[in-house]
Amino acid sequence: MPSRSAVPDGKRPTLSDLAARAGVSVPLASMVMRGAKGPSAASRERVLRAAQEIGYRPDSRARLLRSSRSHLVGVQFDLRQPFHADMVEALYAAAGAAGYQIALSVVAASRSEQEAVETLLADRCEALILLSPHAPAARLAELAAQLPVVSVARRLRPLAESVDVVRAADDEGARQAVDHLVALGHRDIVHIDGGRAPGAADRRRGYKSAMKHHGLTNHVRLVPGGLTEDHGAAAARTLLTDSSRPTAVLAFNDHCAIGVLDTFLRAQIPVPDEISVVGFDDSHLARLAHVQLTTVGQEARQLARRAVSRVVARLEGGATDDEREVVVTPHLVIRSTTRAPCRS
């Protein structure tokens, strides 16, 4: 049986490749992939296993129906992340302006990244924009060998082969947040960490760097957290049991910060009178009238424009490798959850 290497590097496996891999005729392979009646259970299993081995997908990314392209860009996003909703809205606008359409595929508690990507690959998408992907860099490189891939809001070090990256300078954003809090007079500033989430390492580094810059190395404190409201609530409960409660908190993201605010509210800890809270993303949650969260803005519209620009460059021959990583500078948005500490 032919090996996977029989398919030329960087080439999409054809139905003929699939038939050769499975050791069956092309018509039989076609019947199996169309779900048609006729093939035996053994033949069906052999063809489906071969399809998985060589990465064959029926009609997936069929850019040409000989006369036309799909002009369809697949976007993977996490249903649980408010910032991703903002990014999707911005991507629709950016793609439409460039003459492209968007196909969405969601990541959720019951649906993995792999499932989300597989759905997009089964559509006629010409490229993928992946929002904060968790997949290993090697997997992203595999995808990029099939079609243009842009990773948004995640640093790749080293850069994965052929994968474009568009991200905010997360470390700079964390530094801006700490600078703001220190300027208000805060010294005991805690960072609720994002663990292994995309961007977490840079935000952690930016926080530590800023604290050191202000001579507050002895006040550096990381509390385990994460991306969700529940993570923020758990971290806030930890802080409430601390005898030396901080005067300010920098949460990993806005969603996490909402959990912090809710927990403090329930414990009758006034924000910002007794403790200041800063988020990260400037998602629509931060802008709600009853929240008004001070946060670091990731510039969703600019990230979306740059991501779509990279897709168009790849598809239309204008891309160069020296542009593979685009870093956008974030900015602090000051609202009503920060003020000078009432205690030193």
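It should be noted that the structure appears before, not after, this text.
Counting of residues starts from 1 at the beginning of each chain's written sequence and follows it residue by residue. Only residues with pLDDT of at least 70 are given local features in this predicted model, and only at 80 or more are side-chain atom pairs given and counted; all residues enter the totals for whole chains, interfaces and linings. Remark: hydrogens and water are excluded; side-chain values derive from all non-hydrogen atoms of the structure.

As for the packing of aromatic side chains
Ring pairs (aromatic) are described by centroid distance and by the angle formed between their planes.
Link 1 in the chain: Planes of paired rings set the category: under 30 degrees apart is stacked, over 60 is edge-to-face and the rest tilted, where pairs are Phe, Tyr or Trp rings (Trp by its six-membered ring) whose centres lie within 6.5 Å. According to the stated counting rule, one finds zero aromatic pairs in the structure shown.
Link 2 in the chain: Lysine and arginine charges are scored as sitting over a ring when NZ or CZ, respectively, is within 6 Å of the ring centre and within 35 degrees of the ring normal. Between Arg 203 and the ring centre of Phe 252, over which it is positioned, the NZ or CZ distance is 4.5 Å.
Link 3 in the chain: The ring of Phe 280 carries Arg 203 above its face, with NZ or CZ at 3.8 Å from the centroid.

Structural notes on the sheet that holds strand S8 (residues 248–250)
Link 1 in the chain: Pairing between strands is defined by DSSP: at least two bridges between them are needed. Counting from the N terminus, the helices are DSSP H or I runs at least four residues long and the strands are E runs at least two residues long. Strand order in this open sheet of six strands is S7-S6-S8-S9-S10-S12, and the pairing throughout is mixed. Looking at strand neighbours, the two that pair on one side only are strand S7 (221–223) and strand S12 (331–333), the edges of this open sheet. Recorded for the sheet is a direction-independent mean angle of 25° between the axes of neighbouring strands.
Link 2 in the chain: Sheet topology places strand S9 (residues 276–281) next to strand S10 (residues 294–297); four bridges connect them, and they run parallel. When the sheet's bridge partners are listed, Phe 280 is paired in S10 with Val 296.
Link 3 in the chain: The contact criterion used is simple: two residues touch if any of their non-hydrogen atoms lie within 4.5 Å. Lines fitted to C-alpha atoms define the axes here, with helix axes fitted over just the stretch in contact, and angles between the N-to-C directions of these axes take values from 0 to 180 degrees. Contacts from helix H7 (residues 170–184) reach strand S6 (189–192), S8, S9, S10 and S12 within the one sheet, and its direction differs from that of S9 by about 160°.
Link 4 in the chain: Sheet strands in contact with helix H10 (residues 254–266) are S6, S9 and S10, and its direction is about 155° off that of S9.

Regarding the pairing of strand S4 (residues 149–152)
Link 1 in the chain: A two-sided burial pattern is seen for S4, the buried positions comprising Val 149 and Ser 151 on one face and Val 150 and Val 152 on the other.
Link 2 in the chain: Of the pairings in the sheet, the one linking S4 to strand S5 (residues 163–168) comprises four bridges and is parallel in character. Bridge pairing in S5 places Val 149 opposite Val 163. A 1.4 Å probe rolled over the protein chains alone gives each residue an accessible area, and that area as a share of the maximum for its type sets the label: buried under 20%, exposed over 50%, partly exposed in between.

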